[in-house]
Every structure is written in structure tokens, then in C-alpha cells.
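Here are the chains, one letter per residue:
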Amino acid sequence: MTERLELYKCNICGNLVEVILPGVGELVCCGEPMEYLEAKKSDSEYGEKHVPVFSATDNQGEEVRVGSTLHPMTEEHYIQFVETIAKDRRRSELEYFYPSDEPIMMIKDKLGLEKARAFCNLHGLWESEPEG
Ligand SMILES: [Fe+2]
């Protein structure tokens, strides 16, 4: 049984999927069950470069930055996407990133968010909740 907004990855071909609407079946790709991606949090090793940080911008906006020390963005190692999920789970927003981008996503309403998550091509899925 899957749940809304869960992420699953195929460790053979790299397909990564999000559950939009859940069902009872097991997700399979390349003939194997897909791996459920559990997000790591700030207490994990390498957290400082991966855990999303909610912060204010200079012009009174808000943003999610990946890492208290911004994550590297090279061809070999980079943040592939950032996603925010609303508290009521009615809305999510996903932004793709590419090498040489800055892994920073502008957001509108920090307090309306349950969490942000970021995916690194080498170190997997990370998440955090806005404070306050
Ligand atoms: Fe990384």
C-alpha cells in the first residue's frame, strides 16, 4: 500500500516516481520492486550540505536553500530537485535543478508548508520542516 507523495526509485534504471494517488499494488520497475525513499534529516552524516534550510531573502521573500553550506552543483554531484509540501497535503511544488544552478527554490508561504525535501544524485533524499 502506497501513500500520497511517497517517492520510489528503481535501482536498476534510475526511474524515480512520486505517488499521486495511492493504491494497494507494489511498485515494480525493471522486474524488481522499487525502493521506497526515506528522507534523511539533520542528524545524518553530510546533513549540513543536504538538509533544506528555510530562510528569508533580501527582498522580503522566502526561500529554501539546500544545505546550511550550499550543496555543490557539478556534473558528477548535484541536487536534482527540491519539492515543498503543504501542511494540508493538498499541494506540492517541485523544481528541477541542473549542474551550475544554485540549489535555491523561492517559496511563497513558509508557514503553510509541512516540509521541504531535496534529492542529491549521490546522497539521496533529505527533508526538513520550517521552524515556527
Ligand atoms: Fe550530495
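Rules behind the numbers
- Residues numbered from 1 in each chain as written.
- Predicted model: local features only at pLDDT ≥ 70, side-chain atom pairs only at ≥ 80, totals over all residues.
- Pairing = 2+ DSSP bridges.
- Helix = DSSP H or I, 4+ residues; strand = E, 2+ residues; numbered from the N terminus.
- Axes fitted to C-alpha atoms, helices over the stretch in contact; angles between N-to-C directions.
- Buried ≥ 20, exposed ≤ 12 C-beta atoms within 10 Å, placed from the backbone.
- Contact = placed C-beta atoms within 7 Å.
- Core = buried A, V, L, I, M, F, W, Y, C linked by C-beta atoms within 7 Å.

Looking at the pairing of strand E6 (residues 52-56)
If a strand is regular, its side chains alternate between the two faces of the sheet.
Then, number 1: Where E6 and strand E7 (residues 62-66) come together, five bridges link them in antiparallel fashion. What sits directly across from Ala56, in E7, is Glu62.
Then, number 2: The hairpin formed by E6 and E7 contains five residues between the paired strands, and Gln60 there has a positive phi angle of roughly 65 degrees.

Quick look at the sheet that holds strand E12 (residues 124-128)
Then, number 1: A sheet is described by the order of its strands in space; here four strands give the open sequence E9-E8-E11-E12, paired in antiparallel fashion. In this open sheet, the two strands that pair with only one neighbour each are strand E9 (92-96) and E12. Taking the axes of each pair of neighbouring strands and ignoring which way they run, one obtains an average angle of 15 degrees across the sheet.

A short note on the sheet that holds strand E5 (residues 35-36)
Then, number 1: Judged by pairing direction, the sheet is antiparallel, and its three strands sit side by side in the order E2-E1-E5 without closing on themselves. Taken across any chain shown, the strands that pair with only one partner, and hence form the sheet edges, are strand E2 (16-18) and E5.
Then, number 2: Both strand E1 (residues 7-9) and E5 contribute to a ladder of two bridges, which runs antiparallel. Within E5, the residue paired with Tyr8 across the bridge is Tyr36.

Some thoughts on unusual backbone geometry
Then, number 1: Despite not being glycine, Tyr46 has its phi angle at roughly 70 degrees, a positive value.
Then, number 2: Tracing the backbone shows Tyr46 in the loop between E5 and E6.
Then, number 3: For Tyr46, a count of 15 C-beta atoms within 10 Å corresponds to the partly exposed category.
Then, number 4: One non-glycine residue, Gln60, adopts positive backbone phi at about 65 degrees.
Then, number 5: With respect to the helices and strands, the residue Gln60 is situated in the loop between E6 and E7.
Then, number 6: Taking the C-beta count within 10 Å as the criterion, Gln60 has 6 such neighbours and is therefore assigned exposed.

Things to note about the environment of Met73
Then, number 1: Relative to the helices and strands, Met73 resides in the loop between E7 and strand E8 (79-86).
Then, number 2: Using a count of 16 C-beta atoms within 10 Å as the deciding quantity, one classes Met73 as partly exposed.
Then, number 3: Along the chain, Met73 and Lys40 lie 33 residues apart, while their C-alpha atoms are 20 Å from each other.
Then, number 4: Met73 has contacts with Tyr78, Ile79, Pro99, Ser100, Asp101, Glu102 and Pro103, leaving out every residue within four places of it along the chain.

Observations concerning the nonpolar core
Then, number 1: Val64, Ile79, Val82, Ala116 and Ala118 are the most contacted members of the largest nonpolar core, which totals 17 residues.
Then, number 2: Among the elements of the structure, E6, E7, E8 and strand E11 (113-120) are those that each provide at least two residues to this core.

Function cannot be read off these values alone, since they describe shape.
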